[in-house]
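Summary of structural features
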Amino acid sequence: MTDDNKIITLQDGWDNKIKSNAIDVLEDILDTGLKSGKFFSNKNYIEVYTVCYDMCTQRAPYNHSQQLYTRHGETIQAYLETKVLPAIQEKGS
């Protein structure tokens, strides 16, 4: 685990690291076509990957693998429903 075996809470890991440093950046890249200037550096990718890994390998009750799986799925579904589906429907009209 990072930071001398510090427990990563679901709220801190998801909101402050995974969502803001990876998912939001990816959605911005998808929305702007790389015009935002935001990219994933190798360092950023490794940091987010490590947080996900650590959160999924912490001992119970601090293992957040199921919650991360659910939140990732919900985030992807929301993006598809709010961005992709309307764009497809608009093109089909």
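Per-chain numbering applies: the sequence of each chain, read as written, is numbered from 1 onward. Per-residue local features of the predicted model are confined to residues with pLDDT of at least 70, and side-chain atom pairs are confined, for both listing and counting, to 80 or more; whole-chain, interface and lining totals are unaffected and use all residues. Note that the side-chain values use all heavy atoms of the structure and ignore hydrogens as well as water.

The next point concerns the overall build of the protein. The way it works is that DSSP assigns letters per residue, a run of H or I at least four long becomes a helix, a run of E at least two long becomes a strand, and they are numbered from the N terminus. The secondary structure content of the protein amounts to four helices and zero strands. Here the globule rule reads 2.2 Å times residues to the power 0.38, and the radius of gyration is calculated from C-alpha atoms. Compactness check: the protein gives a C-alpha radius of gyration of 16 Å against a globular reference of 12 Å for 93 residues, more than 25% above the reference. Considered along the principal axes of its C-alpha atoms, the protein spans approximately 55 × 25 × 15 Å. With a 1.4 Å probe rolled over the protein chains alone, any residue whose accessible area is under 20% of its type maximum counts as buried; one over 50% counts as exposed, and the rest are partly exposed. Each of the 93 residues in the protein was classed as buried or not, and the buried ones make up 20%. Only the protein chains shown count as covering a residue, and every accessible area follows the Shrake-Rupley method with a 1.4 Å probe. Accessible surface computed for the protein: about 6,800 Å², of which carbon and sulfur atoms make up 56%. His residues and chain termini do not enter the charge count, which takes Lys and Arg as positive and Asp and Glu as negative. Where a charge lies is defined by one atom per residue type, namely NZ (Lys), CZ (Arg), CG (Asp) and CD (Glu). In the protein, 10 side chains carry a positive charge and 13 a negative one; their mean positions are 2 Å apart.

Bringing the nonpolar core into the picture now. Take the buried Ala, Val, Leu, Ile, Met, Phe, Trp, Tyr and Cys residues and link them wherever side-chain atoms come within 4.5 Å; each set so joined is a nonpolar core. Counting 10 residues, the largest nonpolar core consists of Ile8, Leu10, Trp14, Ile18, Ala22, Ile23, Val48, Val51, Met55 and Leu68. Among the elements of the structure, helix H2 (10-32) and helix H3 (42-57) are those that each provide at least two residues to this core. Among the elements that take part in this core, H2 stands out by supplying five residues, more than any other. If sequence neighbours within four positions are ignored, methionine 55 has contacts with Ile8, Thr9, Leu10, Gly13, Trp14, Ile18, Tyr62, Asn63, His64, Ser65 and Leu68. A contact between two residues is defined here by any heavy atoms of the two lying within 4.5 Å.

This paragraph deals with the pattern of salt bridges. A carboxyl oxygen of Asp or Glu within 4 Å of a side-chain nitrogen of Lys or Arg is what we treat as a salt bridge. Counted under the stated rule, the structure contains four salt bridges. With its nearest N and O atoms 3.9 Å apart, the salt bridge here joins lysine 43 to glutamate 47. Here lysine 43 and its partner glutamate 47 are both found in helix H3, four residues apart, which amounts to about one turn of the helix. On the basis of relative accessibility, which here comes to 61%, the residue lysine 43 falls in the exposed class. With relative accessibility at 41%, the residue glutamate 47 sits in the partly exposed group.

Turning our eyes to something else, we now look at the environment of alanine 78. Its location among the elements puts alanine 78 in helix H4 (residues 65-92). Taking the C-alpha atoms as reference, alanine 78 lies 21 Å from aspartate 12; in sequence the two are 66 residues apart.

The amide bond that connects alanine 60 to the next residue, proline 61, takes the cis arrangement and shows omega of 5°. Turning to its location among the elements, proline 61 is positioned in the loop between H3 and H4.

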